[in-house]
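# Notes for the structure review
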Amino acid sequence: MRRLFPLPVQPVSAPGGSNSEVVAAGPADREWTLAELADAYAYPAPDDPALLGRSGWLRANMVSSVDGAAHHEGRSQPLSGAADMRIFGVLRGLADAVVVGAETVRKEGYRPARAREAFAARRAAAGQGPAPAIAVVTAGLGLDFTLPLFTEPLVPTVVLTGAGASADRVAAARAAGAEVLFAGEGLGVDPARVAGVLAERGHTRLLTEGGPMLLGQFAAAGALDEMCLTLAPVVAVGEAPRIMNGPAVPVPERFALASVLEDAGFLFTRYRRS
């Protein structure tokens, strides 16, 4: 893996040995440690001006083929690779909660997040639990509460729904051990309220893994703070959606490029709200 942007300022002697001539050091291609990746993807510090007026920090992590497909035959795994999965694990290792749509939970076969020794000290120092909670966004609560996501989590799975959701389904979720939080007045969730509702439970470092409809809703609501996008060196064609699929925004919102890493042809980009 190598960093393409921003490059460190590391002048070195120019060819020929002249001390008066320097050239910029090129990016080193090597395997990064998990600690280095965690530092590179650290959430904003509490005094970061980007956090001013915000309940927490909502980061998205998605993968796309070079022709814009968010998945292949319904799953993102065929677009992924070894380095992408390492970064996936690091982003989870840094998060308080992983926010995901119910359809993605069903298609991807979501399981509880696991504790990883590599992040134990970092999480303890940040006052975090051993693993992030999985927070499922759902209007109808059409979830199988007998799955390990609900029966075997290290920390209770959170169900985010609207105050008008079926009382029977809410009761079933709670009976399965899930924590049900209301983030909307009707049947569904108001994406602009998710960060605030989770922050009330101490979850301020948020990671969403989609799917495209949920991510599109977050972006359209102005709730997305950071986009971590893996561009996979594959062409998928087909009819898969883009990484975001939601209502159009009146004016496209501009994000600033924060970093670009490369490994085996994969580009790992990170954009922050301008």
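If you're wondering where the values come from, they're calculated on a predicted model, not measured in any experiment. (Residues numbered from 1 in each chain as written. Predicted model: local features only at pLDDT ≥ 70, side-chain atom pairs only at ≥ 80, totals over all residues. Heavy atoms only, no water.)

Moving on, we come to the packing of aromatic side chains. The geometry of an aromatic ring pair is captured by the separation of the ring centres together with the interplanar angle, meaning the angle of the planes. The full count for this structure, using the stated rule, is two aromatic pairs. Taking 6.2 Å as the distance between ring centres and 10° as the angle between the ring planes, the aromatic pair formed by phenylalanine 266 and phenylalanine 268 counts as stacked. Here phenylalanine 266 matches phenylalanine 268 in class, with each residue buried. We note arginine 59 situated over the ring of tyrosine 43; from NZ or CZ to the ring centre the distance is 4.2 Å. Seen from the ring of tyrosine 41, arginine 270 lies directly overhead, with NZ or CZ sitting 5.8 Å from the centre. (Phe/Tyr/Trp six-rings, centres within 6.5 Å; stacked < 30°, edge-to-face > 60°. Buried < 20%, exposed > 50% of the residue type's maximum accessible area, 1.4 Å probe, protein only. Lys NZ or Arg CZ within 6 Å of the ring centre and 35° of its normal.)

With 46 residues, the main nonpolar core has Met1, Tyr41, Ile134, Val136 and Phe268 as its most contacted residues. Per-element accounting of this core gives the leading share, five residues, to helix H2 (residues 82-94). Sequence-distant contacts of valine 136, defined by excluding residues within four places in its chain, comprise Val100, Gly101, Ala102, Val105, Leu143, Leu149, Thr157, Val158, Val159 and Leu160. (Core = buried A, V, L, I, M, F, W, Y, C linked by side-chain atoms within 4.5 Å. Helix = DSSP H or I, 4+ residues; strand = E, 2+ residues; numbered from the N terminus. Contact = heavy atoms within 4.5 Å.)

Our next topic: the confidence of the model for the chain. In this model, the chain carries an average pLDDT of 92, and 93% of its residues clear a pLDDT of 70 or more. Within the model, the stretch residues 20-25 combines pLDDT values under 50 with 13 contacts to residues more than four positions away or in other chains. (pLDDT = per-residue confidence, 0-100.)

Another point: the pairing of strand E11 (residues 255-263). Judged from the three bridges that link them, strand E1 (residues 2-5) and E11 form a sheet pairing that is antiparallel. Along E11, the bridge assignment pairs arginine 3 with leucine 261. Here E11 runs beside strand E12 (residues 266-273); their pairing, made up of eight bridges, is antiparallel. Across the sheet, serine 259 pairs through a bridge with arginine 270, a residue of E12. Between the antiparallel neighbours E11 and E12 lie two residues, among them alanine 264 with a positive phi of about 50°. (Pairing = 2+ DSSP bridges.)

Moving on to the sheet that holds E12. Reading across the sheet, the 10 strands line up as E1-E11-E12-E10-E4-E9-E5-E6-E7-E8 and stay open at both edges, with mixed pairing between neighbours. Each of the sheet's edge strands pairs with one partner strand only, and the pair in question is E1 and strand E8 (179-182). The mean angle between the axes of side-by-side strands here comes to 25°, regardless of whether they run parallel or antiparallel. Pairing geometry for strand E7 (residues 158-161) and E8, over four bridges, is parallel. Counterpart to leucine 160 in the pairing with E8 is leucine 181. Packed onto the sheet, helix H6 (residues 167-175) meets E7 and E8 and runs at close to 140° relative to E8. (Axes fitted to C-alpha atoms, helices over the stretch in contact; angles between N-to-C directions.)

Bringing the side chain of asparagine 61 into the picture now. Note that asparagine 61 resides in strand E4 (residues 57-65). Not counting residues up to four positions away in its chain, the partners in contact with asparagine 61 are Phe88, Leu91, Leu207, Thr208, Glu209, Met227 and Cys228.

Inspection of the secondary structure puts glycine 184 in the loop between E8 and helix H7 (194-199). Glycine 184 sits in the buried class, given a relative accessible area of 4%. Put simply, glycine 184 and arginine 3 are 181 residues apart on the chain and 41 Å apart in space, counted from C-alpha to C-alpha. Each residue touching glycine 184, except ones within four places of it in the same chain, is listed here: Thr161, Gly162, Ala163, Asp190 and Arg193.

Relative to each other, H2 and helix H4 (residues 117-125) sit at 30°, their axes nearing to 9 Å. One way to sum up the angle between H2 and H4 is to call them roughly parallel. As for how H2 packs across H4, the hand of that crossing is right-handed. Where H2 abuts H4, its residues Gly89, Val90, Arg92, Gly93 and Leu94 lie against Phe119, Arg122 and Arg123. Considering only residue class, the contact of H2 with H4 consists of three nonpolar, two polar and three charged. (Parallel < 35°, antiparallel > 145°, perpendicular 65-115°, else oblique. Left-handed = near helix turned anticlockwise from the far one by under 90°. Nonpolar A, V, L, I, M, F, W, Y, C, P; charged D, E, K, R; others polar.)

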